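# Fold and geometry: a report
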Amino acid sequence: MILSQETSTPNFDSPAKRIIIGIQFLFVAFGATVLVPLLVGIDPSVALFTAGIGTLIFHLITKGKVPVFLGSSFAFIAPIVAATELYGLPGALSGLIAVGLVYGVVSAIIKVWGLGVIEKIFPSIVVGPVIMIIGLSLAPVAVNMAKTNWIISSVSLLTAVLIVVYSKGMIKLIPIFVGIIVGYILSIVLGKVDFTSINDAAWFALPDFVRPELNWGAVLYMLPVAFAPIIEHVGDMYAIGGVANKKFVKDPGLHRTLLGDGIATAFAGFFGGPPNTTYSEVTGAIALTKVTDPRVLRIAAITAVVFSLIGKVSAFLKTIPQAVLGGIMLLLFGMIASIGIKTLIDAKTDFSKTRNQVIISIVLTVGIGGAQISYGTFSLAGIGLASLVGVILNLILPDTSRPIKGSKEK
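All of the points below concern the structure found in this document. (Residues numbered from 1 in each chain as written. Predicted model: local features only at pLDDT ≥ 70, side-chain atom pairs only at ≥ 80, totals over all residues. Heavy atoms only, no water.)

## Quick word on the overall build of the protein chain
Along the protein chain, the regular secondary structure elements total 18 helices and four strands. Within the protein chain, buried positions represent 56% of all 410 residues. Relative to all contacts within the protein chain whose residues are 6 or more apart in sequence, the contacts with residues 24 or more apart total 85%. Counting every atom, the protein chain has about 17700 Å² of accessible surface; 66% of that belongs to carbon and sulfur. (Helix = DSSP H or I, 4+ residues; strand = E, 2+ residues; numbered from the N terminus. Buried < 20%, exposed > 50% of the residue type's maximum accessible area, 1.4 Å probe, protein only. Contact = heavy atoms within 4.5 Å. Areas by Shrake-Rupley, 256 points an atom, 1.4 Å probe, with all protein chains shown as cover.)

Below is the structure:
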């Protein structure tokens, strides 16, 4: 994360300035927000709509105090794909709504008992390898999409890598967006883009909303996946608090921020969108610009809703070749896995302990190996099963595990 050395806060009292900065923040989150629905078969306009409304819901619940933008969560890509294959998209959406309700339950637990109980059940030794699985389990998807045209996918990947490693300022915060644009331009040059759908699309069009259908199998499949993003949310709240120099975990309170995230996710599920999560890219942009006014993020949210209603925007997003997305995913999914490794390192996990080696190895093997437990119509597999196995092993094996770094206030 890029932090500025200056301490003064720019004056953005002018509505025009706030609007410009708000739109800029949306573009920081734009690439990641629309990438998730493109990968799981959801209309990207739905994701923009639910991200915008979800962000406004979050700000309402948190009393408008926390400067965050909620976008599509990468943690749910693999579960959505798998659940859609098993139960259909409407069934998978019911599982996503249930995830939002889990956020609400955990919010109530934190309100009553504090973070201690969550830290005990989901320490770094469980969350770290689960995050690794989220990225690694998608590696074949990235390769299969990238190999449709290795030239395009390689250029898209190289562009994103160069932006991440060598660029400075605001552009460093949008490697996905820049990588997609460069890859798309190359695709046009090579004649790989069909503009027919853009020409045929109306300027104004409602997103392709999908109505959820209750499926208990999908609900049980999705529930365990919720806890890794919950831990991520805790870290995000400490991060944005550090940037804004405020204790958002105290005011408005972590229970409120988590509840806002949960209701936004449930709302997305009701309209056929992917789950929402607080975006670290936007936190980085806030750190760089030092614009911590929550009103600016609400402008970004409103802009996302406006974009979702422009039919040609949705049509344009659907013309992005698979090779472009595959190239970006080669970087993105690997980085997700590396975050899991960083979680273990930051918590100073002792790998010399046999206990820790056992938990990590079994969680990774179960998650990546495709283990599945079925009973009648009930099925638990992948990330959900690996999470459950990790929790059980952590509770029954002797010794204790360290909490996620930053989850305890100093």
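From this point on, the discussion continues.
## Some thoughts on unusual backbone geometry
Geometrically, the link from Asp 251 to Pro 252 is a cis peptide bond, its omega value of 15° lying close to zero. Structurally, the position occupied by Pro 252 is in helix α12 (residues 249-271). A positive phi angle, close to 60°, is found at Lys 63, a residue other than glycine. Following the sequence through the fold, Lys 63 ends up in the loop between α2 (44-61) and β1 (70-72).

## Quick look at the pattern of salt bridges
On inspection of all chains with the given rule, the structure shows four salt bridges. Residue Asp 43 is joined to Lys 318 by a salt bridge in which the shortest nitrogen-to-oxygen separation is 3.9 Å. One end of the pair, Asp 43, is in the loop between α1 (15-40) and α2; the other, Lys 318, is in helix α15 (residues 311-318), and 275 residues separate them in sequence. Take Asp 43: its relative accessible area is 11%, and that puts it in the buried class. Measuring nitrogen to oxygen at the nearest pair gives 2.6 Å for the salt bridge that ties Lys 342 to Asp 346. Taken as a pair, Lys 342 and Asp 346 lie in helix α16 (residues 322-346) at a separation of four residues, close to a single helical turn. (Salt bridge = Lys/Arg side-chain N within 4 Å of Asp/Glu carboxyl O.)

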